[in-house]
Amino acid sequence: MATLVLGAAGAAIGGSIGGAILGVSAATIGGFIGSSIGSVVDSWIISSLAPTQRIEGARLDTLRITSATEGAVIQRLYGRMRMGGNIIWATDFREKTKTTTQGGGKGGGGGKVRTAEYLYYASFAVALCEGPITGIGRIWADGKPMDLSGVTWRWYPGDEVQTADPFIAARMGAVSTPAYRGTAYVVFEELALSTYGNRLPQLSFEVFRPLADPDTAEGLTRAVTMIPASGEFTYATQATRKTDGGTTQAENLNALPDATDMVVALDRLQAKAPAVESVSLVVAWFGDDLRAGSCKVRPGVEVSAKATTPRSWSVNGVSRASAFLVSRDDQDRPVYGGTPSDFAVVQAIQEMKARGLRVTFYPFILMDVPPDNTLPNPYSDNAAETGQPAFPWRGRITSSPAAGYAGSVDKTATAASQVAALFGAAKPASFSVSGESVSWIGSPGDWGLRRMVLHYAHLCAAAGGVDAFLIGTEMPGLTTIRSGASTYPAVQAYRDLLADVRSILGSGTKIGYAADWSEYFGHQPGDGSGDVFFHLVD
Amino acid sequence: MTSADPTRVIAIARAWLGTPYHDQASLRGVGCDCLGLARGVWREVVGPEPFPIPPYSRDWGETGPREVLAEGARRMMIEVSPAEAGPGALVLFRMKPRAIAKHVGILTGPGSFLHAYERLGVIEEPLTNAWRRRIAFAFLFPQR
């Protein structure tokens, strides 16, 4: 009984009750607002009938309750927290009548049924805490994630320069509208209340206020690396859904129902680490062999048949059906996510640049060499051992047999030809660029490293350019291959590739090779000669 | 085409302040929507409208890929880049990502603009970052 009555009263009670009810202080009651308060009173009534019993009802955290309290303390937040707020401004509910007529058609007996529905809308502002905050994450209404599609709302960080909300100012007059400087608050415009039983819902907000002082990690972090590098639609800022026999499932809406994962990730990043200026976007293709002379570098997919809307997977003009399929584990799950679709990479670059972030493009090679492979191991005498290590590091791609093993091709012309095979013959003109899509018009069997890197150079240019571009990362096994006493063919191949990338991206883009730490101090062959070659230095 | 004097455009636009919001209307002091405001300012700054505006619904153009409003404006006005648009420019806002730009306003200063806003009528308000970020196109009124 009390549950019903008090539940309907809802948030209106707030913490503003004076005195004491049933011996319980107002402050305590203030903490039990909402539908649960009734059940608490119920349990008090029952427990007063049987005084020896002690029943404790549902207990709520006062911080998560929206109220409208005069003189309430403005909370101070450190880090990230879910919190309620204090309603500091609200309009009267706006009533809209919607009349529908049914029946009364031909042959039907009886009169028409006219139904009048009353819909209510409210505009209000909720103060959250002391500012400045850096962002708002999720929002809950009556404890459930709030559907914000079609809702007009905005937030103010609570800094010392924020200006008055134009909507409130238009209603109240500019003179009588404060900017609430120093207070973080949220404004909802004409929120439809029918979903919430025609009352203001209990709102709680995930609020970010990082300790971004100059001596904290949040304040010091200026650049981050965006992974996972794989995942067919992970980087897309456009909702992508897969359709499978009549059912539709979102591919990239996991964090929030109405915002793509990429957008949510960037929102959270900027809310948590406001000093970040630069992001390295990692995008992976798949290598399939540690022997440079045999390794193909290809874009991969998780499954070879999947219908997606509005866009299909495509990388470098290769469609899903003709793309490399990543290998499976013992439960038939793909061991890697697929290569991000080209359109997703373009969207990610554009989204980050629109947010004022600098973008470094970072092409990556994941090695899809499964555990039960029968490939000759280059790290064995005469490469006679069967089976390469499972899922190795790309930095182990080398000549075969590798330097230091019997029969090694180290310091021979064969080593140079193995390097040439890995890089392939792609040229800047082997691609056709149309709008924001880049496809391959070279030899179909060419799966060299150059094809991958030049593809992304074209794609980055088509996306509007990037600030920096890497032509390779952590390839010490490759860069230390020698075709002569001190000749490094892979280093030369990277230099040539850099020049070609420069011709596509222009002089305004920083272009480089991201060396592994073991390459920083040059190549020390370990053959007893005591030689040190600074092989990456001109 | 030379562009109209921005001071004059702003003065004419400000005369519309307080006009109630009404879908499809374009009558100063009586009612207008955001496009109606732009049309009204056009009539006073440039002259008669070159073609009749077809009837439109609230959700017109939301599903199509064509920038109908921008294309129409481009035929009659001087396009400038949104970054260069100054006071007196007509700006088109893209209210939702990947939807067409269909809200219209007129810049009245470096940090303010004037537009017809549903439920509030014609108001002048600060061009906050939230608004600025949504500007997709900008045009100047031509000289009569």
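Before reading further, recall that the structure is shown in the block above.
A brief report on the enclosed structure follows.

Calculation notes
Residues numbered from 1 in each chain as written. Chains lettered and ligands numbered in written order. Predicted model: local features only at pLDDT ≥ 70, side-chain atom pairs only at ≥ 80, totals over all residues. Heavy atoms only, no water. Helix = DSSP H or I, 4+ residues; strand = E, 2+ residues; numbered from the N terminus. Rg over C-alpha atoms; globule rule 2.2 N^0.38 Å. Contact = heavy atoms within 4.5 Å. Areas by Shrake-Rupley, 256 points an atom, 1.4 Å probe, with all protein chains shown as cover. Buried < 20%, exposed > 50% of the residue type's maximum accessible area, 1.4 Å probe, protein only. Arc of directions from axis to C-beta. Buried area = accessible area lost by both parts, 1.4 Å probe. Salt bridge = Lys/Arg side-chain N within 4 Å of Asp/Glu carboxyl O. Polar contact = N/O pair within 3.5 Å; in protein donor to acceptor, adjacent residues only side chain to side chain. Nonpolar A, V, L, I, M, F, W, Y, C, P; charged D, E, K, R; others polar. Phe/Tyr/Trp six-rings, centres within 6.5 Å; stacked < 30°, edge-to-face > 60°. Core = buried A, V, L, I, M, F, W, Y, C linked by side-chain atoms within 4.5 Å. Pairing = 2+ DSSP bridges. Expected span 1.5 Å × (residues − 1).

**A short note on the overall build of chain B**
- For chain B, the count of helices and strands is four helices and eight strands.
- For chain B, the succession of helices and strands along the chain, N to C, is α-β-β-α-α-β-β-β-β-β-α-β.
- In terms of overall size, chain B behaves like a compact globule, its C-alpha atoms giving a radius of gyration of 14 Å where 144 residues would be expected to give roughly 15 Å.
- Its C-alpha atoms give chain B principal-axis dimensions of about 35 × 35 × 30 Å.
- Pairs at least 24 apart in sequence give 58% of the contacts found in chain B among residues at least 6 apart.
- Carbon together with sulfur atoms contributes 57% to the accessible area of chain B, which is approximately 7200 Å² in total.

**Details of the side chain of A:Ser341**
- Residue placement: A:Ser341 occurs in the loop between strand S21 (324-325) and helix H7 (342-354).
- In this structure, A:Ser341 is in contact with A:Glu232, A:Phe233, A:Ser312, A:Trp313, A:Ser314 and A:Val315, ignoring residues within four places of it in sequence.

**Observations regarding helix H8 (residues 413-423) of chain A**
Residues and elements named next belong to chain A.
- Listed in full, the buried residues belonging to H8 are Ala415, Gln418, Val419, Leu422 and Phe423. In a view along the axis of H8, the buried residues occupy a sector of 135 degrees, so they form one face of it.
- Buried positions along H8 lie against strand S16 (297-298), helix H9 (449-462), helix H10 (476-479) and helix H11 (489-505).

**Section: the interface of chain B and chain A**
- Taken together, the seven residues of chain B in the interface contact eleven residues of chain A.
- Contact between chain B and chain A buries roughly 840 Å² in total, counting both sides, with carbon and sulfur atoms accounting for 59%.
- Connecting chain B to chain A are zero salt bridges.
- The tally of links between chain B and chain A comes to one residue pair in polar contact (both at pLDDT 80 or more).
- At three residues, the largest contribution of residues to the side of chain B that touches chain A is made by strand S7 (residues 121-126) of chain B.
- Here the residues of the side of chain B that touches chain A are counted per class, giving four nonpolar, no polar and three charged.

**A look at the pattern of salt bridges**
Residue and element names in this part refer to chain A.
- Inspection of the entire model under this criterion finds 30 salt bridges over all chains.
- Glu206 is the salt-bridge partner of Arg138, the closest N and O atoms lying 3.2 Å from each other. Placement of the pair is Arg138 in strand S7 (residues 135-141) and Glu206 in strand S11 (residues 203-209), with a sequence separation of 68 residues.
- Using a relative accessible area of 33% as the deciding quantity, one classes Arg138 as partly exposed.

**As for the packing of aromatic side chains**
Residue and element names in this part refer to chain A.
- Enumeration over the complete set of coordinates arrives at 23 aromatic pairs over all chains.
- Ring geometry for Phe423 versus Tyr494: centroids 5.0 Å apart, planes at 85 degrees, classification edge-to-face. With Phe423 in helix H8 and Tyr494 in helix H11, this residue pair connects regions lying 71 residues apart in the sequence. Note on accessibility: Phe423 and Tyr494 belong to one class, buried.
- Between the aromatic rings of Phe431 and Trp440, the centroid separation amounts to 5.1 Å while the plane-to-plane angle is 70 degrees, which identifies the pairing as edge-to-face.
- On the basis of relative accessibility, which here comes to 6%, the residue Phe431 falls in the buried class.
- Following the ring pairs from residue to residue traces out a cluster consisting of Trp285, Phe361, Tyr456 and Phe469.

**Concerning the nonpolar core**
- If you look at the biggest cluster of nonpolar residues, it comprises 80 residues, and the most contacted ones within it are A:Phe469, A:Leu478 and A:Val501.
- In terms of residue count, the dominant contributor to this core is H9(A) (eight residues).
- Discounting residues that sit within four places of it in the chain, A:Phe469 has contacts with A:Phe361, A:Val453, A:Tyr456, A:Ala457, A:Cys460, A:Val501, A:Leu505, A:Thr509, A:Lys510, A:Ile511 and A:Gly512.
- Core analysis: the next-biggest nonpolar cluster, separate from the first, contains 33 residues, B:Val46, B:Ala73, B:Met76 and B:Ala116 among them.

**Some remarks on the pairing of S7(A)**
Residues and elements named next belong to chain A.
- For S7, a buried count of six out of seven residues is recorded, marking the element as mostly surrounded by other parts of the structure.
- Summarising the sheet, S7 and S11 pair through five bridges and their orientation is antiparallel. Bridging from a neighbouring strand, Ile136 pairs with Val207 of S11.
- Pairing of S7 with strand S8 (residues 144-145), which is carried by two bridges, proceeds in the antiparallel orientation. When the bridges of S8 are listed, Ala141 appears paired with Lys144.
- Here S7 hands over to S8 after two residues, with Asp142 in that stretch at a positive phi of 50 degrees.

**Points about helix H6 (residues 261-272) of chain A**
Residues and elements named next belong to chain A.
- Counted at 1.5 Å a residue, the expected span for H6 with its twelve residues is 16 Å, and the 16 Å between its end C-alpha atoms agrees.
- Every buried residue of H6 is listed here: Asp261, Met262, Val263, Val264, Leu266, Leu269 and Ala271.
- Contacts from the buried residues of H6 go to S7, S11, strand S12 (223-226), strand S15 (278-287) and H7.

**Remarks on unusual backbone geometry**
Residues and elements named next belong to chain A.
- Cis geometry marks the peptide bond from Thr309 to Pro310, where omega comes out at -5 degrees.
- Within the secondary structure, Pro310 sits in the loop between strand S18 (307-309) and strand S19 (314-315).
- In this structure, the amide linkage connecting Ser400 to the following residue, Pro401, adopts the cis form with an omega of -10 degrees.
- Relative to the elements of secondary structure, Pro401 occurs in the loop between strand S22 (358-367) and H8.
- Despite not being glycine, Ala383 shows a phi value in the positive range, around 50 degrees.
- Assignment of secondary structure puts Ala383 in the loop between S22 and H8.
- Phi is positive for Glu474, close to 45 degrees, though the residue is something other than glycine.
- One can find Glu474 in the loop between strand S25 (468-473) and H10.
- By relative accessible area, which is 25% here, Glu474 ends up partly exposed.

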